Amino acid sequence: MRLKAAYEAETGQVLDLRLFVVPDCSPYGHGAEVRAFWETRPFETVYVGYARNKGKGGAIRAAMRLSTAPFVMYTDWDFPYTTGSMKDTLLELEDGADLVLADRRKETYLRVIPDRRKALSFLSHLFNRVLLCLPTVDTQGGLKGLSAKGRDAFLETRIDRFLFDTEFVALAVHRKLSVRVISAAIRPDIQLSDISPRTLLAELPGLCKIFYARWLS
C-alpha cells in the first residue's frame, strides 16, 4: 500500500498495518476477486460481516470494536484521499492528537461534487459554525484518524447514516479531546456521487443527536 511506503520513507520506521474491510452486507464486498486482491497485500486483512445493513456509521463501529491498535484511521471504500493526506493524519496521531480531521481543500473537493452536494455542504458548514462551534466546518470528510481515546468516544456515537461524522466530532469536542485539523486533498481521478432528497429527509432526526452530543452529553 502506498501509505505504508510513504510513511516508512519519511520516518524510517516500519508501519504495521491491519486493514478492516466492512462491506456492510453488500453482495460484492466479500467476493472471491476482492478477497484475492487483499490477500496479496503485505499486511493483514480482516473482513467484518453481519446479517443486516447498518449504514456507514454502524459499519465503522463494527470494525473499531475489533481493533486493538493504538491508532485507527477510517476512510471510504475507494480511498478518495491522497496518500500524503493519509500519511499526515497518521503523523498527527503519533504527535499526540486524539482525533485528526481531514479538511477537504476546496480546489480539489468542489471540483468533483455535484451541485446538490455543494448546497448541502454549505448548509452543513453553517450548522457546524453557528450552532455547534466546531474547530472545522468540514466534519463530513471521509478521512479521520483516532487515538485509543478517540476510538472510545466514537463507539459512544448513535447515528448510523450520513451524519455520524458530525456527531462524533461534536462529542469529541464536548469531551475536550485533542482535535487537530489537517488540509487534505482528494485524488484527481475521484468522482463523488449525488445524494437523493429522500436520503436527506432520513437524516433530519440525527440533528437532535448531534446537538445533544455537542452540548448536553
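Because the structure is predicted, anything quoted here is derived from the model rather than measured. (Residues numbered from 1 in each chain as written. Predicted model: local features only at pLDDT ≥ 70, side-chain atom pairs only at ≥ 80, totals over all residues. Heavy atoms only, no water.)

A. Structural context of the nonpolar core. Grouped together as the largest cluster of nonpolar side chains are 24 residues, with contacts concentrated most on M64, Y74, F154, F168 and I210. Mapped by element, the contributors of at least two residues to this core are α3 (55–64), β3 (71–75), β4 (99–104), α6 (115–132), α7 (148–154), α8 (164–174) and α10 (206–215). No other element matches the 7 residues that α8 contributes to this core. Discounting chain neighbours no more than four positions away, the residues touching F168 are Y74, L99, K144, L146, G150, A153, F154 and T157. Within the second largest apolar cluster, 17 residues are counted, among which are L19, W38, M86 and A102. (Core = buried A, V, L, I, M, F, W, Y, C linked by side-chain atoms within 4.5 Å. Buried < 20%, exposed > 50% of the residue type's maximum accessible area, 1.4 Å probe, protein only. Helix = DSSP H or I, 4+ residues; strand = E, 2+ residues; numbered from the N terminus. Contact = heavy atoms within 4.5 Å.)

B. Focus on the sheet that holds strand β5 (residues 143–147). Here we have 4 strands laid out as an open sheet, ordered β3-β5-β4-β6, and mixed in their pairing. Unpaired on one side and paired on the other, β3 and β6 (179–184) mark the two borders of the sheet. Averaged over all pairs of adjacent strands, the angle between their axes in this sheet comes to 20°, without regard to strand direction. (Pairing = 2+ DSSP bridges. Axes fitted to C-alpha atoms, helices over the stretch in contact; angles between N-to-C directions.)

C. Main features of the packing of helix α1 (residues 2–11) against helix α4 (residues 83–94). As a packed pair, α1 and α4 sit with axes 9 Å apart at the nearest point and diverge in direction by 55°. One finds that α1 runs oblique with respect to α4. As α1 packs across α4, the resulting crossing turns out to be right-handed. Each of R2, L3, A6, Y7, E10 and T11 in α1 lies in contact with α4, whose residues at this interface are T83, M86, K87, L90, L91 and E94. The residue inventory of the contact of α1 with α4, partitioned by class, reads 6 nonpolar, 2 polar and 4 charged. (Parallel < 35°, antiparallel > 145°, perpendicular 65-115°, else oblique. Left-handed = near helix turned anticlockwise from the far one by under 90°. Nonpolar A, V, L, I, M, F, W, Y, C, P; charged D, E, K, R; others polar.)

D. Layout of the pattern of salt bridges. One pass over the structure, following the stated rule, counts 11 salt bridges. Of the charged contacts, one joins R18 and E44 as a salt bridge, the two residues approaching to 3.2 Å between their closest N and O atoms. In this pair, R18 is assigned in strand β1 (residues 18–21) and E44 in strand β2 (residues 44–47), connecting sequence segments 26 residues apart. The shortest N-O distance in the salt bridge between R175 and E156 comes to 2.9 Å. In this pair, R175 is assigned in the loop between α8 and β6 and E156 in the loop between α7 and α8, connecting sequence segments 19 residues apart. We classify E156 as partly exposed; its relative accessible area is 43%. (Salt bridge = Lys/Arg side-chain N within 4 Å of Asp/Glu carboxyl O.)

E. Examining the packing of α8 against α10 more closely. Orientation of α8 relative to α10, taken along the N-to-C sense of each, is 15°, at an axis distance of 7 Å. Comparing their axes, α10 and α8 come out roughly parallel. Like other packed secondary-structure pairs, α8 and α10 cross with a definite hand, here right-handed. Where α8 abuts α10, its residues T166, E167, A170, L171, V173 and H174 lie against K209, I210, A213, R214 and W215. For the contact of α8 with α10, a count of residues per class yields 6 nonpolar, 2 polar and 3 charged.

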